[in-house]
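# Remarks on the overall topology
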Amino acid sequence: MAVSTQDPAEVPAPQEPAAATHPLDPLTAAEITAAVDAAKADRDLGHEVWFVLAILNEPPKAAVRAFDAGTETTLDREARVVILDRVDGSMAEAIIGLGDGKVRRWTEIDTPGRPPFLFEELAGAANVVKEDPRWIEAMARRGITDEEQLKLVQVDPWPAGNFDFPGEDGKRLCRCVSYVRTFDKDNGYARPIEGVVAVVDLADNTVVEVTDHGVVPIPEEPANYDEAAVGGWRTDLKPLEITQPEGPSFTVDGNQVKWQKWSFRFTLHPLEGLVLYTVGYEDGGRVRPVLYRAAISEMVVPYGDVAPAHFWKNAFDSGEFGLGRLANQLTLGCDCLGEIRYFNAVMHDGHGRPYEMQNAICMHEEDFGILWKHVDSYTGYTETRRSRRLVISSIATVGNYEYGFYWYLYQDGTLQFEVKLTGILQTAGCAPGVTPPHGQMIAPGLYSPHHQHLFNMRLDVSVDGDENAVYEDHVEAAPAGGDNVQGNAVVAVSTLLEREQQAKRKIDPASSRSWRVVNRSSLNRLGEPVGYRLIPGATPTLLARRESSVSKRAVFTTENLWVTPFDQDERRAAGDFVNQHPGGDGLPAWTEADRSLVDTDVVLWHTFGVTHVARPEDWPVMPVEYSGFSLKPAGFFARNPALDVPPSPAACH
Ligand code: CO
């Protein structure tokens, strides 16, 4: 959540902006500049604006398909630009035609929400807090008086949330908490300066208030993880090298990827991070669509502690910060191993100036154990195939946490999405002898408040075409009596989810509950509609009580599944502007209409994640925790589609 990052203004502008060649290509640097210039030319914006977003205004599906089919060859690209008036906080959205550089639509945005934070603002907020006499006094009460000590203090800006606190209405705010660092690269999270919260008004970068809720001893133990701090590295690890002498098995053309019968496009959205488009699998000489678009539509990390420096911590890292903007620039051999293909991404700063992020997306292949195998017991006849998967990934650092977002494509038609959670726990200090009721001790005087990480994946499915329906499947014991003499009979039960209200669902692993997207006008050879199954993991929903602020703002986390009919303006699970929003926008608002979901273009919104009661082993830096889901063909193919994968060469025979 809290973010420190290099000032994008210091990053060199891209050298040779590539031209877009497809309707779904992200905006190039030149297109971002053109869109921002067009907005400036159309209105007298002055200097007091931020360019919150300058992204592709995604074209209608029909236009994309016409382009892919070759029936339409011209590109009519549009930019969507969101502009924030820094003084009065008002926002506007401009749709700009990139062909003629003209504003096609200008809309004042009417929302109680705020835009995602700009990095420029957050850096300013931390600085102004450290100059505030009230904050300096609070530090002095904890013995932090030395100028050098004060300079080293780490100030993390957080989203303010919405708690109806007096004086906060209408303002654009962040709340800041502080940590002691004893040297430059020290892990500040080891020494939280408990109880001090500074509120900053981002409109004029002033400190509204500094509250000191009382001195709690600052933990003394450092928690660094460099070689010296660890006490030396183990020495018995032999090299493990991945070689692919003939290169990888995928091909890349612009943003289009082909691999093992799969094809898809991808991009890095500033807020949503990794986006996959037009995912299809070649079968019988044609590419059969599975997904039109898939991306994280929102996420939230609610903290379950009552302490004054923690109860308000609810980080919507997508809508308040941006998972694409915070993407790491990856390094060969560290983040990905083997024959790696990296992709850069073009982002922009608050002034609308484009910059290029190097190696923001990683793609490679991985061996994944066996794909299928059988030994004929009578003859010893054996067939074994190894499984290979294509991995496309991006890692975002959001303050203390790292989130790795991984899509896996498998040869048997399975798609899998996995979030890897790592980085450093959010920490709190407590007095000796105190057992924190809402957290887990991780070091002397230091605990980690209980919290959740909840993600919502928007799956704009297209199973053999857009007209789909969704069944909930589960398995149960058959009724007693009749032919169920032994009581062992089970039945698989399918229920059509006909309307939006009925389609708000939770997982139920005990009954193998899953959700199957079908195309009822495309039948397989058994006469059943072809389908793809969303298989959830063992995932929680939101634990906070329904009257809590976060529950109102993150209603999407109260169910594991939502289904809506496609609407191109329904993009984000908690609405477009979740920052400081009081709640109710997004899925709860749209599904009020209880629209029909049968044989229409449907979108699945899957909420998944982890409840995190920290372990001492998560400290000082957390081993990766995994969360995600799978999409598996269910009657989509006539049989195992991976029978034609050849045996591995050499030693297997
Ligand atoms: Co966690």
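Keep in mind it's a predicted model, so treat the numbers as computed, not measured.

### What about the coordination of the cobalt ion?
Ligation of the cobalt ion by protein atoms is provided by Y401 (OH), H451 (NE2), H453 (NE2) and H612 (ND1), these donors lying 1.7 to 2.0 Å from the ion. Coordination at the cobalt ion comes from four donor atoms whose angles at the metal span 95 to 131°, giving a geometry best classed as tetrahedral. Linear spacing of the donor residues for the cobalt ion on their chain is Y-x49-H-x1-H-x158-H. One end of the pair, Y401, is in strand β18 (residues 401-410); the other, H612, is in strand β29 (residues 600-612), with 211 residues separating them in the sequence.

### A few points about the domain arrangement of the protein
Each domain of the protein was delimited in the assignment, giving domain 1 (8-109), domain 2 (119-230) and domain 3 (251-364 + 393-633). At the junction of the two partners, domain 1 supplies five residues and domain 2 supplies five residues. Between domain 1 and domain 2 the total buried area reaches about 420 Å² when both faces are included, carbon and sulfur atoms providing 63% of it. Applying the counting rule to domain 1 against domain 2 returns zero salt bridges.

### A look at the pattern of salt bridges
Scanning the model with the defined rule gives 41 salt bridges in all. The salt bridge partner of D25 is R265, with a shortest N-O separation of 3.2 Å. Remark: R265 occurs in strand β11 (residues 262-269) and D25 occurs in the segment before α1 (29-42); sequence separation between them is 240 residues. With respect to class, D25 is no different from R265; both count as buried. Across the pair R385 and E383 runs a salt bridge, and its minimum N-O distance is 2.8 Å. Accessibility expressed as a relative area gives 8% for R385, which makes it buried. On the basis of relative accessibility, which here comes to 24%, the residue E383 falls in the partly exposed class. If you follow the salt bridges from partner to partner, you end up with E58, E272, R293, E298 and R572 in one network.

### Some points on the sheet that holds strand β21 (residues 439-443)
Strand pairing in a sheet relies on backbone hydrogen bonds, with the paired strands running either antiparallel or parallel. Sheet architecture is open: three strands sit in the order β20-β22-β21, paired in antiparallel fashion. The open sheet has two edge strands, β20 (428-429) and β21, and neither has a second partner. In the sheet, β21 pairs with strand β22 (residues 446-449) via four bridges, with the strands oriented antiparallel. Bridging from a neighbouring strand, A443 pairs with L446 of β22.

### Some thoughts on the sheet that holds strand β2 (residues 78-85)
Here four strands make up an open sheet; going across it, the order is β1-β2-β3-β4 and the pairing antiparallel. The strands lining the two open edges of the sheet, one partner per strand, are β1 (49-56) and β4 (102-109). Going from strand to strand, the sheet's axes swing by 20° on average, the running direction of each strand aside. Bridge analysis of β1 against β2 gives seven bridges, and the strand direction is antiparallel. Residue pairing across strands places F51 opposite I83, the latter belonging to β2.

### Re the nonpolar core
Counting 110 residues, the largest nonpolar core has F264, Y403, W407, L459, L604 and W619 as its most contacted members. Here this core gathers at least three residues from each of two domains, domain 2 (119-230) and domain 3 (251-364 + 393-633). In this structure W407 touches L274, L276, A294, L390, V391, I392, L415, Q416, F417, M457, L459 and F629, once residues within four positions along its chain are discounted. Formed by 19 residues, the second largest nonpolar core is a distinct cluster that contains F51, I83, A92 and A94.

Reading the values: rules and limits
- Residues numbered from 1 in each chain as written.
- Predicted model: local features only at pLDDT ≥ 70, side-chain atom pairs only at ≥ 80, totals over all residues.
- Heavy atoms only, no water.
- Donors = N, O, S within 2.8 Å, 3.2 Å for Na, K, Ca; no water.
- Tetrahedral: all angles 85-135°; square planar, octahedral: opposite > 155°, others 65-115°.
- Helix = DSSP H or I, 4+ residues; strand = E, 2+ residues; numbered from the N terminus.
- Domains from an automatic or database assignment.
- Contact = heavy atoms within 4.5 Å.
- Buried area = accessible area lost by both parts, 1.4 Å probe.
- Salt bridge = Lys/Arg side-chain N within 4 Å of Asp/Glu carboxyl O.
- Buried < 20%, exposed > 50% of the residue type's maximum accessible area, 1.4 Å probe, protein only.
- Pairing = 2+ DSSP bridges.
- Axes fitted to C-alpha atoms, helices over the stretch in contact; angles between N-to-C directions.
- Core = buried A, V, L, I, M, F, W, Y, C linked by side-chain atoms within 4.5 Å.

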